[in-house]
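The primary structure of each chain is shown beneath.
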Amino acid sequence: MASQASGWRLVIHGGAGVMPRGSISPEEEADYRKGLMTALDAGIGILTAGGLAIDAVQAAVVALENDPNFNAGHGAVLNRDGLAELDASIMDGRERKAGAVAQVRTVKNPVLAARLAMDTTPHVMFAGREADDLAAAGGLEIVDPAYFVTPKRVEQLKRVMAGEVKAWDRRGTVGAVARDSHRNLAAATSTGGMVAKAPGRIGDSPVIGAGTYADNASAAVSATGHGEMFIRAGVARMICARVELQGMSAQEAADVTLTDVRSLGGAGGVIVVTKDDAAMAMNTDGMFRGEADGAGRKITAIYAGE
Ligand code: GLY
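What counts, and at which threshold
- Residues numbered from 1 in each chain as written.
- Predicted model: local features only at pLDDT ≥ 70, side-chain atom pairs only at ≥ 80, totals over all residues.
- Heavy atoms only, no water.
- Helix = DSSP H or I, 4+ residues; strand = E, 2+ residues; numbered from the N terminus.
- Rg over C-alpha atoms; globule rule 2.2 N^0.38 Å.
- Buried < 20%, exposed > 50% of the residue type's maximum accessible area, 1.4 Å probe, protein only.
- Areas by Shrake-Rupley, 256 points an atom, 1.4 Å probe, with all protein chains shown as cover.
- Lys, Arg positive; Asp, Glu negative; His and termini not counted.
- Charge placed at Lys NZ, Arg CZ, Asp CG, Glu CD.
- Pairing = 2+ DSSP bridges.
- Axes fitted to C-alpha atoms, helices over the stretch in contact; angles between N-to-C directions.
- Parallel < 35°, antiparallel > 145°, perpendicular 65-115°, else oblique.
- Left-handed = near helix turned anticlockwise from the far one by under 90°.
- Contact = heavy atoms within 4.5 Å.
- Nonpolar A, V, L, I, M, F, W, Y, C, P; charged D, E, K, R; others polar.

**Q** Help me understand the overall build of the protein chain in this model?
**A** Looking only at helices and strands, the protein chain has eight helices and 12 strands in total. The globule rule puts the C-alpha radius of gyration for 306 residues at 19 Å, and the 17 Å found for the protein chain is close to it. For the protein chain, the spread of C-alpha atoms along the principal axes amounts to about 50 × 45 × 35 Å. The buried share of the protein chain, taken over its 306 residues, is 59%. Per element, the accessible surface of the protein chain, about 11300 Å² overall, is 53% carbon and sulfur. Considering the protein chain, the positive charge centre built from 31 side chains and the negative charge centre built from 36 side chains are found 2 Å apart.

**Q** Looking at this model, I keep getting lost on the pairing of strand 11 (residues 286–293). Mind explaining?
**A** Moving residue by residue along a regular strand, the side chains alternate between the two faces of the sheet. The buried count for strand 11 comes to eight of eight residues, which makes it a mostly enclosed element. Here strand 11 shows no split at all, with Gly286, Phe288, Gly290 and Ala292 on one side and Met287, Arg289, Glu291 and Asp293 on the other all buried. Pairing analysis gives six bridges linking strand 1 (residues 9–16) to strand 11, with the strands arranged antiparallel. What sits directly across from His13, in strand 11, is Arg289.

**Q** Explain the packing of helix 1 (residues 26–48) against helix 2 (residues 53–66) here, please?
**A** Two quantities define a packed helix pair, namely the angle between the axes and the distance from one axis to the other. Where helix 1 meets helix 2, the closest approach of the two axes is 8 Å, and the angle between their N-to-C directions is 155°. The orientation of helix 1 with respect to helix 2, classified from their angle, is roughly antiparallel. By crossing handedness, the relation of helix 1 to helix 2 is classed as right-handed. For the pair helix 1 and helix 2, the contacting residues are Gly35, Leu36, Thr38, Ala39, Ala42, Gly43, Ile46 and Leu47 in the first and Ala53, Asp55, Ala56, Ala59, Ala60, Ala63 and Leu64 in the second. Here the residues of the contact of helix 1 with helix 2 sort into 11 nonpolar, three polar and one charged.

**Q** Looking at this structure, I do not really get the sheet that holds strand 4 (residues 125–127). What am I missing?
**A** Strand order in the open sheet formed by eight strands is 4-3-2-6-5-1-11-12, and the pairing between neighbours is mixed. Two strands bound the open sheet, and with one partner strand each, they are strand 4 and strand 12 (298–303). For this sheet the average axis-to-axis angle between neighbouring strands, irrespective of direction, equals 10°. Against the sheet, helix 4 (residues 128–137) contacts strand 3 (97–104) and strand 4, and its axis sits at roughly 120° relative to strand 3.

Written as structure tokens, this is what we have:
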């Protein structure tokens, strides 16, 4: 992506995966692009007003969690018991403060629970019922677990469990990275994980350093893809280290790290923003994504090479 040395910047993703051109109908494509634009607008409103990157990434991810087309919050993929078990994390590059929740089932917006963990506790990560309890005690909106379950995801689970489709529609996870006008960096990620996952399985999204990382000294990163390999490769932290210690651009660091993920058998993508540039990289044939900046650029894309 073109370099921009100053001003705010926002990059979002709505998941990477198997999505060759033609596999998504024009109507679905329009829906996905509309959802990405809504998420961009949520972050842009904060950044144009001089707000913080951490608030912008949170707002963008909340919008994506509320959109049933994406694999996070309402409309998340289901585990093999038919339940949504949700993971999310958020990180502020100013002081490397971070918060994360895993396996939540009742908080409407898991990324807000991650923010709550970051802002109101001395801890980074909460899991399971206690994470939901923390969200409730903190005044976040609590919903019935059925809120997350959509007919499309029930059908998807049935087909995967029946072995009709090997890895049907495993694309998913949402995330955002931003640089604000004060040159702070932040990242957030939220997901339902992988369709038909084993109950209790936790992917990379809530793992600080794997699915999410932000440090004003290097970069902010959010990942999407096969979580196990992203954890094993330490993707988000590794991209930041390559930027900081090896002087790589956002694109170089993202590409090298995704090649490493591929060597482990993993597929997916990352979004990256640094003080000077940004990247949207994938080793799949598509990733729902969008980008906006203070110079007026505002775009969405789906397929590789777009
Ligand atoms: N990348 C999301 C997951 O594997 O859970």
